[in-house]
Amino acid sequence: MANTTSQRTRKTNTRKASTDAAQGNASVETKETDGASVKAIIPKDIDAHQYVIVRNGFQGRLVYKSRRTGEMFVWDEFGAEQEMELQELKNAKNSYKKFFINNWFMFDEDWIIDYLGVRQFYKHAIPIDGFDNIFTMKPAELKRTVDALSDGQKKSVAYRAKELIAAKKIDSLSVIEVLENALKIELIEK
């Protein structure tokens, strides 16, 4: 199916850029139009049998069992890594969409999200490496951020907040109050 656009553009430069994925290369076409850069994934140039790193976005043990092969993937803790085949991730998207909707599968490379067609579920997701940074935000910014999260990430934020409160790393009552209101849970006994 050919892509057609009705917009006129001036001076369009197209170049091929290569993004290294775990053990293979993924082609990405970059179009520059009047200073704006748009990247589009070209699925035919990506090997569906290559392995990519999938990280656990769930606070706790996460288990995924393939319907196709019966293989079990186990992540023991938040942020743990497993290598999965892109084809298996496509199967998971069709069979177990909640892993994507709740951001239980997290990816370090954005092209994987685009290739799988799940960008809408990861639009407001907090990256694993910067997860604790949410607790240092100002209350108004924290509320906006938490309100935009998926239900899965809200549960992860609640779990992590309880851990940090118990360790006395979150002691701001205004931050705790915003978290309780946004998450609709009680983090400390009153």
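Residues numbered from 1 in each chain as written. Predicted model: local features only at pLDDT ≥ 70, side-chain atom pairs only at ≥ 80, totals over all residues. Heavy atoms only, no water.

### Re the side chain of asparagine 102
So, point 1. Summarising the element assignment, asparagine 102 is placed in the loop between α2 (98-101) and β8 (105-106).
So, point 2. On the basis of relative accessible area, asparagine 102 is assigned to the buried category, the value being 11%.
So, point 3. Ignoring anything within four residues of it in the chain, the contact list for asparagine 102 reads Ser150, Asp151, Gly152 and Gln153. (Helix = DSSP H or I, 4+ residues; strand = E, 2+ residues; numbered from the N terminus. Buried < 20%, exposed > 50% of the residue type's maximum accessible area, 1.4 Å probe, protein only. Contact = heavy atoms within 4.5 Å.)

### Things to note about the nonpolar core
The nonpolar side chains of soluble globular proteins are, as a tendency, buried together.
So, point 1. Among the nonpolar cores identified, the biggest contains 26 residues, and Trp75, Leu89, Phe100, Phe105 and Phe107 are the most heavily contacted of them.
So, point 2. Where this core is concerned, the elements lending two or more residues are β4 (51-56), β5 (62-65), β6 (72-75), α1 (86-95), α2, β8 and α3 (110-116).
So, point 3. Phenylalanine 105 has contacts with Val54, Arg55, Leu62, Tyr64, Trp75, Met84, Leu89, Ala92, Phe99, Phe100 and Tyr122, leaving out every residue within four places of it along the chain.
So, point 4. Among the nonpolar cores identified, the runner-up in size contains 20 residues, and Leu142, Leu149, Ala161 and Val178 belong to it. (Core = buried A, V, L, I, M, F, W, Y, C linked by side-chain atoms within 4.5 Å.)

### Examining the packing of aromatic side chains
So, point 1. Scanning the model with the defined rule gives 14 aromatic pairs in all.
So, point 2. Ring centres of tyrosine 64 and phenylalanine 105 lie 5.7 Å apart, and the angle between their planes is 75°; on these two criteria the pair is classed as edge-to-face. Residue tyrosine 64 is located in strand β5, and its partner phenylalanine 105 is located in strand β8; the two are separated by 41 residues in the primary sequence.
So, point 3. When its relative accessible area of 1% is taken as the criterion, tyrosine 64 is described as buried.
So, point 4. Taking relative accessible area as the criterion, phenylalanine 105 reaches 0% and is therefore assigned buried.
So, point 5. One aromatic cluster is present, built from ring pairs that chain together Phe58, Tyr64, Phe73, Trp75, Tyr96, Phe99, Phe100, Trp104, Phe105, Phe107 and Tyr122.
So, point 6. Over the face of the ring belonging to tyrosine 96 we find arginine 67, whose NZ or CZ atom lies 5.0 Å from the ring centre. (Phe/Tyr/Trp six-rings, centres within 6.5 Å; stacked < 30°, edge-to-face > 60°. Lys NZ or Arg CZ within 6 Å of the ring centre and 35° of its normal.)

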